[in-house]
Structure formats: C-alpha cells, structure tokens
Amino acid sequence: MIFSSYKFLFVFLPIVYTVYLILNKLKMDVIAKLWLVMASFYFYAQGSKSFFPFFVGSVGFNFLIGYLIGKQNGKYAQTTKKALLIIGLAENILLLGYFKYTNFLISNYNYLTNAQIPMKTIVLPIGISFFTFQLIAYLIDSYRGMTKDYSLLNYLLFITFFPQLIVGPIVHHKDVVPQFENKKQSIFNMENFILGIFIFSLGCGKKVLLADPLTSFAQPYFKNAAGGSFWLGWFSAIAYTISYYFDLSGYADMAIGLGLLFNIKLPQNFNSPYKAKDFQEYWRRWH
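Residues numbered from 1 in each chain as written. Predicted model: local features only at pLDDT ≥ 70, side-chain atom pairs only at ≥ 80, totals over all residues. Heavy atoms only, no water.

*Asks:* Would you mind going over helix α10 (residues 279–286) in detail, with residue names and values included?
*Replies:* All buried positions along α10 are accounted for by E281, R285 and W286. The arc enclosing the buried residues of α10, seen along the axis, measures out at 135 degrees, which places them on a common side. Those residues of α10 that are exposed and angled more than 90 degrees off the buried face are F279, Q280, W283 and R284. Lining the buried residues of α10 we find α9 (230–261). Capping the start of α10 is the job of one residue whose side-chain oxygen sits 3.2 Å from the backbone nitrogen of Q280: D278. (Buried < 20%, exposed > 50% of the residue type's maximum accessible area, 1.4 Å probe, protein only. Helix = DSSP H or I, 4+ residues; strand = E, 2+ residues; numbered from the N terminus. Arc of directions from axis to C-beta. Contact = heavy atoms within 4.5 Å. Polar contact = N/O pair within 3.5 Å; in protein donor to acceptor, adjacent residues only side chain to side chain.)

Pasting the structure below:
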C-alpha cells in the first residue's frame, strides 16, 4: 500500500486519522496511540504479509534487549551489556543479511566456483533496511546509556510509525519519542494539519506526475537495451535518473507531511543530493 494509492488516500488514511482524532478528543490518549500502532502494523502487513511475523518478532526482541541492557548494574554489568548488544546486533544483521543478500552471495559463489547451488525463493521485505538500521541505532544508544526507560507503547510508535516505516527517513529515538510523550502531541494543530497536507501534496505530485511517467518511459528500453537506439538509450537513462530522484524525494515529502498531520516532525533526509560537490556530500544529502 503506497502513499499515492487510492486505497491509502481514500480509505486507510481518512479512517486512521479520524479515529485517532476522536480518541484524542475523548482524552483517550493511550488508546489513540495503541490505535496508531495497530494501524501501522496493518499498513506494513499489506506490503509484506509473509514477513510480517518476523517484523513483529524483531521489533519485540529488540525492545527486550534494549530493556535488559538498560537494567544492568553491578559488578558484571558492562560485560552483560556487551553480550546483550552483540546478541541484538546479530539478530538484526542476520535477518537483514538473509532476506537481502542470500541470493547475491549464492550467485557470486556460483560464478566464482562454477557451483550450481539453486537460488532461494526470497521476497525482499519492504523497508527492511530502514527499520533494521533504526533498531541497531536504538540498541547502540541503549548500550551507551543514552536511552530512557521508554514505555513499550512509545517504543512501538517510534519503530512502526507508518509515515516513515517503509521509505524512511530513518529517525533517532531522541528526536521522535519525546514528541510522542508530549501531551500537546494529541491536540489537533491546524497549522501542522495545513502544512502537512501541503507538503504531502507536493510529494504526491512528484511521485505521480513526474517519477511514475518517467519510469514508465524508461523501463521498455532497459528491458531490451540491445534493441534501442543511441538517443533512446540516453533519453531513457536520463529519464530513469530523474524518476529515481523524484520518487524518493516525493516519498520523503509525503512522509514528512503525514507526520505533521499527527503533530510529529520527522527530520528532512532528502536535501537536493544532485547539488552535492562530492560523493560524500551526495550520500549525506541523499539519505
């Protein structure tokens, strides 16, 4: 379920937002947050049904590890914290590595050794890189003593908040969790609402009016590059480059706009990367 789809725009978002506002209006703050968490889980499950149990398990496991790290004290506290951190990092890295790089490693091993190991049937879960890096950062900060004893509900909101769940931006707990803990977050803010709709509309326009048509133009050439002309090749390459730019730029805007609807200010993570002077700056501006 992508942000620019009819299902999201005219069914999911209106229902989730309306119920959220009503619950907050009735001073049912905890239930409103729980509703948002359940909506976020549902949102993710629509895109990765088979991976969803792994996602829920990983989110819960990382909370437990972070909680245990924060509770360590005494003579062997540092050693225990380090062991817990290693366990948490291993779980995240292995999960990411299996789903994202198993077939890559198999194909390269087959190429180098002439082996015939069959490829695995693995569907890449959406957003796995984003939430994995977010969880890893959380565990490292827990080890460094930089996290508070967050409630399970606020932790779940931090990890699963649907506007930034599948395409980022990758958010830091210290920037987002205090916003969820703030009582003013549950009060309807007309300024944030208008600004959120405006930014979301800009992002949706980039995605629907620029990125998607350019991708549709470029794809036929890349499916049969040998049969294309010189000029078609150049136009297709440039079209895909621009479409890729506006696709991610559009999603970043839509995520920030959606966050503002819920009075959550997500960080800007897409800052005109093609203006960069070198690759290092380009990478920082891109994500």
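Back to the text.
*Asks:* Got a sec to walk through helix α4 (residues 77–113)? Specific residues and values, please.
*Replies:* Taking 1.5 Å per residue, 37 residues should reach 54 Å; α4 reaches only 46 Å between its end C-alpha atoms and comes up short. The sharpest bend along α4 comes to roughly 60 degrees, located at Y101. Immediately beyond the C-terminal end of α4, within one or two residues, lies N114, with a positive phi of roughly 60 degrees. (Expected span 1.5 Å × (residues − 1). Bend = angle between axes of the 7 residues up to and from the residue.)

*Asks:* I'd like a rundown of unusual backbone geometry, residues and numbers included.
*Replies:* Of note, K27 is a non-glycine position whose phi angle comes to about 65 degrees, a positive value. For K27, the position within the fold is in the loop between α1 (6–25) and α2 (29–47). Judged by its relative accessible area of 72%, K27 falls in the exposed class. Backbone geometry at N114 places phi at a positive 60 degrees, although glycine is not the residue there. Here N114 is to be found in the loop between α4 and α5 (128–143). By relative accessible area, which is 65% here, N114 ends up exposed.

*Asks:* I'd like to hear about the packing of α5 against helix α6 (residues 152–160), residue by residue, with values.
*Replies:* For any two helices packed against each other, the geometry is given by the interaxial angle and the distance between the axes. With their axes 10 Å apart at the nearest point, α5 and α6 run at an angle of 140 degrees to one another. Our classification of the angle between α5 and α6 gives oblique. Here Q134, L135 and Y138 of α5 come into contact with α6, specifically with Y155, F158 and I159. Looking at the contact of α5 with α6 residue by residue, the classes come out as 5 nonpolar, 1 polar and no charged. (Axes fitted to C-alpha atoms, helices over the stretch in contact; angles between N-to-C directions. Parallel < 35°, antiparallel > 145°, perpendicular 65-115°, else oblique. Nonpolar A, V, L, I, M, F, W, Y, C, P; charged D, E, K, R; others polar.)

*Asks:* Explain the nonpolar core residue by residue, including any values.
*Replies:* By size, the foremost hydrophobic cluster in this structure holds 63 residues, and its most contacted members are F3, F8, Y155, F162 and F262. The contact partners of F262, leaving out residues within four places of it in the chain, are V16, Y17, Y20, L36, F161, F162 and Q185. Y245, L248, F270 and W286 belong to the second largest nonpolar core, which has 5 residues in total. (Core = buried A, V, L, I, M, F, W, Y, C linked by side-chain atoms within 4.5 Å.)

*Asks:* An account of a nonpolar patch on the surface is requested, with residue identities and associated values reported.
*Replies:* A cluster of nonpolar side chains, contributed by F217, F230, W231, L232, W234, F235, I238 and I242, occupies part of the molecular surface with about 870 Å² of accessible area. Among the elements that make up the nonpolar patch, the one with the highest residue count is α9 (7 residues). (Patch = residues over 30% accessible without salt bridge, like charges linked within 9 Å, V, L, I, M, F, W, Y side chains within 5 Å. Areas by Shrake-Rupley, 256 points an atom, 1.4 Å probe, with all protein chains shown as cover. Salt bridge = Lys/Arg side-chain N within 4 Å of Asp/Glu carboxyl O.)

*Asks:* Outline the layout of surface pockets, supporting the account with residue identities and numerical values.
*Replies:* Estimated volume of the largest pocket: approximately 880 Å³. What lines the largest pocket is a set of 28 residues, among which F130, V167, Y244, L248 and H287 lie closest to the centre. When contributions to the lining of the largest pocket are tallied by element, the ones reaching two or more residues are α5, α9 and α10. Ranked by the residues each element gives to the lining of the largest pocket, the list is headed by α9, at 6 residues. For the lining of the largest pocket, the residue count by class is 19 nonpolar, 7 polar and 2 charged. Space inside the second largest pocket adds up to approximately 210 Å³. (1 Å grid on protein atoms, 1.4 Å probe; cavity = no way out; pocket = protein on both sides within 12 Å on 5 of 7 lines; lining within 4 Å. Points joined across faces, edges and corners; volume = space filled by probe spheres on them.)

*Asks:* Which residues make up the confidence of the model for the protein, and what values go with them?
*Replies:* Across the protein, the average pLDDT comes to 88, with 100% of residues at 70 or higher. Within the protein, the element-level pLDDT minimum falls on helix α7 (residues 173–181), averaging 84, and the maximum on α1, averaging 93. (pLDDT = per-residue confidence, 0-100.)

*Asks:* I'd like a rundown of the pattern of salt bridges, residues and numbers included.
*Replies:* Opposite charge on two side chains allows them to pair when their charged atoms are near. Per the counting criterion, the structure on display carries 5 salt bridges. One salt bridge in this structure joins D175 and K174, with 3.4 Å as the shortest N-O distance. Judged by its relative accessible area of 37%, D175 falls in the partly exposed class. Between D253 and K206 there is a salt bridge, with its nearest N and O atoms 2.6 Å apart. In this pair, D253 sits in helix α9 while K206 sits in helix α8 (residues 190–223), placing the two residues 47 residues apart along the sequence. By relative accessible area, which is 22% here, K206 ends up partly exposed. Overlapping salt bridges, with partners in common, bring together K207, D212 and D247 in one network.

*Asks:* If you had to explain empty space enclosed by the protein to someone new, which residues and values would you point to?
*Replies:* One pass over the structure, following the stated rule, counts 1 cavity of 30 Å³ or more. Empty space within the largest cavity amounts to approximately 50 Å³. Y17, Y20, L21, N24, Q185, S186, I187, F188, N189, L261, F262 and N263 together form the lining of the largest cavity. Of the residues forming the lining of the largest cavity, the biggest block, 4 residues, is contributed by α1. Residue classes in the lining of the largest cavity are distributed as 7 nonpolar, 5 polar and no charged.

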